[in-house]
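# Structural overview for review
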Amino acid sequence: AQSVTQLDSQVPVFEEAPVELRCNYSSSVSVYLFWYVQYPNQGLQLLLKYLSGSTLVKGINGFEAEFNKSQTSFHLRKPSVHISDTAEYFCAVSEANQGGKLIFGQGTELSVKP
Amino acid sequence: DAGVTQSPTHLIKTRGQQVTLRCSPISGHKSVSWYQQVLGQGPQFIFQYYEKEERGRGNFPDRFSARQFPNYSSELNVNALLLGDSALYLCASSISGGSSYNEQFFGPGTRLTVL
(Lines give C-alpha, C1' and ligand atoms only; values in the text may rest on other atoms or scores of the structure.)
Protein backbone atom coordinates (compact mmCIF):
# COMPACT_ATOMS: atom_id res chain seq x y z
CA ALA A 1 0.00 0.00 0.00
CA GLN A 2 1.12 3.56 -0.66
CA SER A 3 2.61 5.26 2.38
CA VAL A 4 4.96 8.08 3.35
CA THR A 5 7.25 8.08 6.37
CA GLN A 6 9.00 11.15 7.68
CA LEU A 7 11.75 9.83 9.85
CA ASP A 8 12.04 12.76 12.25
CA SER A 9 9.09 14.34 14.02
CA GLN A 10 11.17 17.27 15.29
CA VAL A 11 14.44 18.76 14.05
CA PRO A 12 16.04 21.54 16.11
CA VAL A 13 18.87 23.42 14.41
CA PHE A 14 20.80 26.64 14.88
CA GLU A 15 20.48 29.53 12.47
CA GLU A 16 22.82 29.34 9.44
CA ALA A 17 23.40 25.61 9.97
CA PRO A 18 22.53 23.08 7.25
CA VAL A 19 19.47 20.86 7.64
CA GLU A 20 18.11 17.67 6.12
CA LEU A 21 14.53 16.48 6.58
CA ARG A 22 14.11 12.84 5.67
CA CYS A 23 11.26 11.24 3.75
CA ASN A 24 10.76 7.67 2.58
CA TYR A 25 7.83 6.34 0.60
CA SER A 26 6.46 3.00 -0.51
CA SER A 27 4.57 2.40 -3.72
CA SER A 28 4.38 -0.27 -6.37
CA VAL A 29 3.85 2.20 -9.21
CA SER A 30 5.39 5.42 -10.47
CA VAL A 31 4.97 8.34 -8.12
CA TYR A 32 5.25 12.09 -8.08
CA LEU A 33 6.83 13.61 -4.98
CA PHE A 34 6.20 16.89 -3.20
CA TRP A 35 7.37 18.85 -0.18
CA TYR A 36 4.97 21.33 1.45
CA VAL A 37 5.57 23.81 4.27
CA GLN A 38 2.94 24.88 6.79
CA TYR A 39 3.45 27.98 8.91
CA PRO A 40 1.39 28.33 12.10
CA ASN A 41 -2.32 28.82 11.48
CA GLN A 42 -1.88 28.71 7.72
CA GLY A 43 -2.51 26.30 4.88
CA LEU A 44 0.13 24.37 2.97
CA GLN A 45 2.55 25.97 0.53
CA LEU A 46 4.40 23.98 -2.11
CA LEU A 47 8.19 24.08 -1.69
CA LEU A 48 9.18 21.83 -4.58
CA LYS A 49 8.13 18.81 -6.59
CA TYR A 50 9.66 15.92 -8.50
CA LEU A 51 7.79 14.79 -11.58
CA SER A 52 10.52 13.34 -13.82
CA GLY A 53 13.98 14.07 -15.16
CA SER A 54 16.80 15.32 -12.98
CA THR A 55 16.71 13.74 -9.55
CA LEU A 56 17.90 16.95 -7.88
CA VAL A 57 15.05 19.39 -7.59
CA LYS A 58 15.36 23.00 -6.51
CA GLY A 59 12.51 24.84 -4.86
CA ILE A 60 11.63 28.12 -3.24
CA ASN A 61 13.41 29.71 -0.28
CA GLY A 62 16.70 27.92 -1.05
CA PHE A 63 15.40 24.40 -0.46
CA GLU A 64 16.30 21.43 -2.63
CA ALA A 65 15.49 17.72 -2.59
CA GLU A 66 16.94 14.61 -4.16
CA PHE A 67 14.88 11.75 -5.48
CA ASN A 68 16.49 8.34 -4.92
CA LYS A 69 14.45 5.63 -6.58
CA SER A 70 16.49 2.70 -5.30
CA GLN A 71 16.13 3.88 -1.70
CA THR A 72 12.59 5.22 -2.25
CA SER A 73 13.59 8.47 -0.57
CA PHE A 74 13.04 12.16 -1.20
CA HIS A 75 15.03 14.06 1.41
CA LEU A 76 14.76 17.83 1.74
CA ARG A 77 17.86 19.93 2.32
CA LYS A 78 18.88 23.52 2.89
CA PRO A 79 22.54 24.57 3.25
CA SER A 80 21.85 27.44 5.65
CA VAL A 81 18.59 27.92 7.52
CA HIS A 82 17.02 31.12 8.81
CA ILE A 83 14.76 31.79 11.78
CA SER A 84 11.92 32.29 9.29
CA ASP A 85 12.24 28.65 8.16
CA THR A 86 10.70 27.53 11.45
CA ALA A 87 7.58 25.65 10.38
CA GLU A 88 6.06 22.19 9.82
CA TYR A 89 7.23 20.39 6.70
CA PHE A 90 5.26 17.66 4.95
CA CYS A 91 6.41 15.17 2.35
CA ALA A 92 3.67 13.91 0.02
CA VAL A 93 3.30 11.50 -2.89
CA SER A 94 0.73 10.93 -5.56
CA GLU A 95 0.59 7.86 -7.72
CA ALA A 96 0.45 8.13 -11.48
CA ASN A 97 -3.13 7.95 -12.78
CA GLN A 98 -4.61 8.52 -9.33
CA GLY A 99 -5.72 12.08 -9.98
CA GLY A 100 -5.30 14.59 -7.21
CA LYS A 101 -5.01 12.29 -4.23
CA LEU A 102 -1.99 13.25 -2.14
CA ILE A 103 -0.67 10.94 0.57
CA PHE A 104 1.12 12.90 3.27
CA GLY A 105 3.70 11.96 5.85
CA GLN A 106 3.23 12.79 9.50
CA GLY A 107 5.23 15.99 9.26
CA THR A 108 8.57 17.26 10.61
CA GLU A 109 8.65 20.27 12.86
CA LEU A 110 11.73 22.35 12.01
CA SER A 111 12.76 24.68 14.82
CA VAL A 112 15.52 27.16 14.01
CA LYS A 113 17.20 28.72 17.03
CA PRO A 114 19.34 31.88 17.07
CA ASP B 1 -5.17 37.10 -7.82
CA ALA B 2 -7.13 35.59 -4.97
CA GLY B 3 -5.98 32.23 -3.71
CA VAL B 4 -8.15 29.43 -2.42
CA THR B 5 -10.64 30.76 0.12
CA GLN B 6 -12.44 28.82 2.82
CA SER B 7 -15.24 29.71 5.19
CA PRO B 8 -15.74 29.86 8.03
CA THR B 9 -12.30 30.21 9.59
CA HIS B 10 -13.31 28.63 12.87
CA LEU B 11 -16.34 26.63 13.92
CA ILE B 12 -17.48 25.11 17.19
CA LYS B 13 -20.13 22.41 17.18
CA THR B 14 -21.45 19.81 19.62
CA ARG B 15 -21.58 16.06 19.13
CA GLY B 16 -24.37 14.89 16.87
CA GLN B 17 -24.69 18.16 15.00
CA GLN B 18 -24.09 18.69 11.30
CA VAL B 19 -21.62 21.10 9.69
CA THR B 20 -21.04 22.55 6.22
CA LEU B 21 -17.67 23.91 5.16
CA ARG B 22 -17.19 25.98 2.02
CA CYS B 23 -14.36 26.41 -0.46
CA SER B 24 -13.79 28.66 -3.45
CA PRO B 25 -10.99 27.56 -5.78
CA ILE B 26 -8.54 29.76 -7.64
CA SER B 27 -10.13 31.29 -10.72
CA GLY B 28 -9.74 28.88 -13.64
CA HIS B 29 -9.23 25.83 -11.46
CA LYS B 30 -11.78 23.08 -12.00
CA SER B 31 -10.75 20.55 -9.38
CA VAL B 32 -11.25 20.75 -5.63
CA SER B 33 -9.92 18.31 -3.05
CA TRP B 34 -10.67 18.12 0.67
CA TYR B 35 -8.28 17.00 3.39
CA GLN B 36 -8.62 16.48 7.14
CA GLN B 37 -5.65 17.39 9.31
CA VAL B 38 -5.87 16.21 12.89
CA LEU B 39 -3.56 18.01 15.31
CA GLY B 40 -0.04 16.66 15.08
CA GLN B 41 -0.62 14.64 11.92
CA GLY B 42 -0.37 15.09 8.19
CA PRO B 43 -3.43 15.86 6.07
CA GLN B 44 -5.64 12.90 5.10
CA PHE B 45 -7.41 12.85 1.74
CA ILE B 46 -11.22 12.93 1.96
CA PHE B 47 -12.60 13.74 -1.51
CA GLN B 48 -11.69 15.06 -4.92
CA TYR B 49 -14.22 16.68 -7.24
CA TYR B 50 -13.62 17.62 -10.86
CA GLU B 51 -16.21 19.13 -13.16
CA LYS B 52 -18.86 18.50 -10.46
CA GLU B 53 -18.17 14.78 -10.33
CA GLU B 54 -16.53 12.82 -7.53
CA ARG B 55 -13.15 11.59 -8.78
CA GLY B 56 -11.78 10.09 -5.60
CA ARG B 57 -12.72 9.26 -2.06
CA GLY B 58 -10.54 8.52 0.94
CA ASN B 59 -11.19 6.16 3.81
CA PHE B 60 -13.87 8.20 5.56
CA PRO B 61 -17.35 7.14 6.72
CA ASP B 62 -20.54 8.00 4.86
CA ARG B 63 -21.15 10.81 7.36
CA PHE B 64 -18.79 12.80 5.15
CA SER B 65 -20.16 14.06 1.85
CA ALA B 66 -19.29 16.80 -0.60
CA ARG B 67 -20.42 18.43 -3.77
CA GLN B 68 -19.12 20.84 -6.37
CA PHE B 69 -21.16 23.59 -7.95
CA PRO B 70 -21.20 24.91 -11.54
CA ASN B 71 -18.86 27.73 -10.53
CA TYR B 72 -16.44 25.04 -9.21
CA SER B 73 -16.83 26.04 -5.57
CA SER B 74 -17.39 23.17 -3.19
CA GLU B 75 -19.01 22.24 0.10
CA LEU B 76 -17.99 19.55 2.54
CA ASN B 77 -20.74 18.24 4.83
CA VAL B 78 -20.23 16.20 7.96
CA ASN B 79 -23.24 14.68 9.74
CA ALA B 80 -23.57 13.29 13.25
CA LEU B 81 -20.36 14.93 14.44
CA LEU B 82 -18.04 13.00 16.71
CA LEU B 83 -15.32 14.35 18.98
CA GLY B 84 -12.78 12.77 16.62
CA ASP B 85 -13.95 14.99 13.78
CA SER B 86 -12.20 17.92 15.44
CA ALA B 87 -9.52 18.96 12.96
CA LEU B 88 -8.33 21.49 10.43
CA TYR B 89 -10.17 20.92 7.16
CA LEU B 90 -8.15 21.96 4.14
CA CYS B 91 -9.39 22.61 0.66
CA ALA B 92 -7.05 22.48 -2.33
CA SER B 93 -7.66 23.42 -5.93
CA SER B 94 -5.87 22.48 -9.13
CA ILE B 95 -6.32 23.22 -12.80
CA SER B 96 -7.56 19.75 -13.69
CA GLY B 97 -8.46 16.60 -11.87
CA GLY B 98 -7.02 13.91 -14.04
CA SER B 99 -3.32 14.42 -13.60
CA SER B 100 -1.41 13.38 -10.52
CA TYR B 101 1.32 15.92 -11.22
CA ASN B 102 -0.83 19.04 -11.17
CA GLU B 103 0.11 21.31 -8.30
CA GLN B 104 -2.54 21.63 -5.64
CA PHE B 105 -2.97 25.05 -4.04
CA PHE B 106 -4.22 24.94 -0.48
CA GLY B 107 -6.52 27.30 1.36
CA PRO B 108 -5.96 28.42 4.97
CA GLY B 109 -8.37 25.81 6.30
CA THR B 110 -11.39 25.72 8.58
CA ARG B 111 -10.70 24.80 12.20
CA LEU B 112 -13.58 22.62 13.45
CA THR B 113 -13.91 21.94 17.16
CA VAL B 114 -16.48 19.37 18.31
CA LEU B 115 -17.44 19.55 22.00
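Look above for the structure.
Residues numbered from 1 in each chain as written. Chains lettered and ligands numbered in written order. Predicted model: local features only at pLDDT ≥ 70, side-chain atom pairs only at ≥ 80, totals over all residues. Heavy atoms only, no water.

In terms of regular secondary structure, chain A is built from 0 helices and 12 strands. In chain A, the succession of α and β elements from N to C terminus is β-β-β-β-β-β-β-β-β-β-β-β. What you see for chain A is a C-alpha radius of gyration of 14 Å, in line with the 13 Å of a compact globule of 114 residues. Its C-alpha atoms give chain A principal-axis dimensions of roughly 45 × 30 × 20 Å. Expressed as a percentage of its 114 residues, the buried residues of chain A come to 46%. (Helix = DSSP H or I, 4+ residues; strand = E, 2+ residues; numbered from the N terminus. Rg over C-alpha atoms; globule rule 2.2 N^0.38 Å. Buried < 20%, exposed > 50% of the residue type's maximum accessible area, 1.4 Å probe, protein only.)

Now for the pattern of salt bridges. One pass over the structure, following the stated rule, counts 10 salt bridges over all chains. Where Lys30 of chain B meets Glu51 of chain B, a salt bridge forms, and the shortest distance between an N and an O atom there is 3.7 Å. In this pair, Lys30 of chain B is assigned in the loop between β3 (19–24) and β4 (31–37) and Glu51 of chain B in the loop between β5 (44–50) and β6 (53–57), connecting sequence segments 21 residues apart. Here Arg67 of chain B and Glu75 of chain B are joined by a salt bridge, their closest N and O atoms 3.3 Å apart. By relative accessible area, Arg67 of chain B is classed as partly exposed at 44%. Assessed through its relative accessible area of 11%, Glu75 of chain B is described here as buried. Look at the salt bridges and you will find they share partners, linking Glu20, Glu66 and Arg77 of chain A into a network. (Salt bridge = Lys/Arg side-chain N within 4 Å of Asp/Glu carboxyl O.)

The partner chain B presents 21 residues to the 23 residues of chain A that form the contact. Carbon and sulfur atoms make up 55% of the surface buried where chain A meets chain B, a total of about 1600 Å² over both sides. Linking chain A to chain B there are 0 salt bridges. Applying the counting rule to chain A against chain B returns 3 residue pairs in polar contact (both at pLDDT 80 or more). Going through the elements one at a time, β5 (31–38), β6 (44–50) and β10 (87–95) of chain A are the ones with two or more residues in the side of chain A that touches chain B. Among the elements that make up the side of chain A that touches chain B, the one with the highest residue count is β5 of chain A (4 residues). Looking at the side of chain A that touches chain B, its residues break down into 10 nonpolar, 10 polar and 3 charged. (Contact = heavy atoms within 4.5 Å. Buried area = accessible area lost by both parts, 1.4 Å probe. Polar contact = N/O pair within 3.5 Å; in protein donor to acceptor, adjacent residues only side chain to side chain. Nonpolar A, V, L, I, M, F, W, Y, C, P; charged D, E, K, R; others polar.)

Residue and element names in this part refer to chain B. Structurally, Arg111 is set in strand β11 (residues 110–114). Arg111 sits 101 residues away from His10 along the chain, and the two C-alpha atoms are 4.7 Å apart. Look past the residues within four positions of Arg111 in its chain and what remains in contact with it is Thr9, His10, Leu11, Ala87 and Leu88.

Our next topic: the sheet that holds strand β8 (residues 74–78) of chain B. Paired through their backbone hydrogen bonds, the strands of a sheet run either parallel or antiparallel. Residues and elements named next belong to chain B. Read from one edge of the open sheet, 4 strands run β1-β3-β8-β7, paired in antiparallel fashion. In this open sheet, the two strands that pair with only one neighbour each are β1 (5–7) and β7 (64–68). Each adjacent strand pair in this sheet contributes to an overall mean axis angle of 15 degrees, direction not counted. (Pairing = 2+ DSSP bridges. Axes fitted to C-alpha atoms, helices over the stretch in contact; angles between N-to-C directions.)

It is worth spelling out unusual backbone geometry at this point. Residues and elements named next belong to chain B. The amide bond that connects Ser7 to the next residue, Pro8, takes the cis arrangement and shows omega of -10 degrees. Tracing the sequence through the fold places Pro8 in the loop between β1 and β2 (10–13). Phi angles above zero are rare outside glycine, and Lys52 is one such case at about 70 degrees. Inspection of the secondary structure assignment puts Lys52 in the loop between β5 and β6. Here Lys52 falls in the partly exposed class, since its relative accessible area comes to 44%. Unlike most non-glycine residues, Tyr72 shows phi in positive territory, near 75 degrees. One can find Tyr72 in the loop between β7 and β8. For Tyr72, a relative accessible area of 21% gives the class partly exposed.

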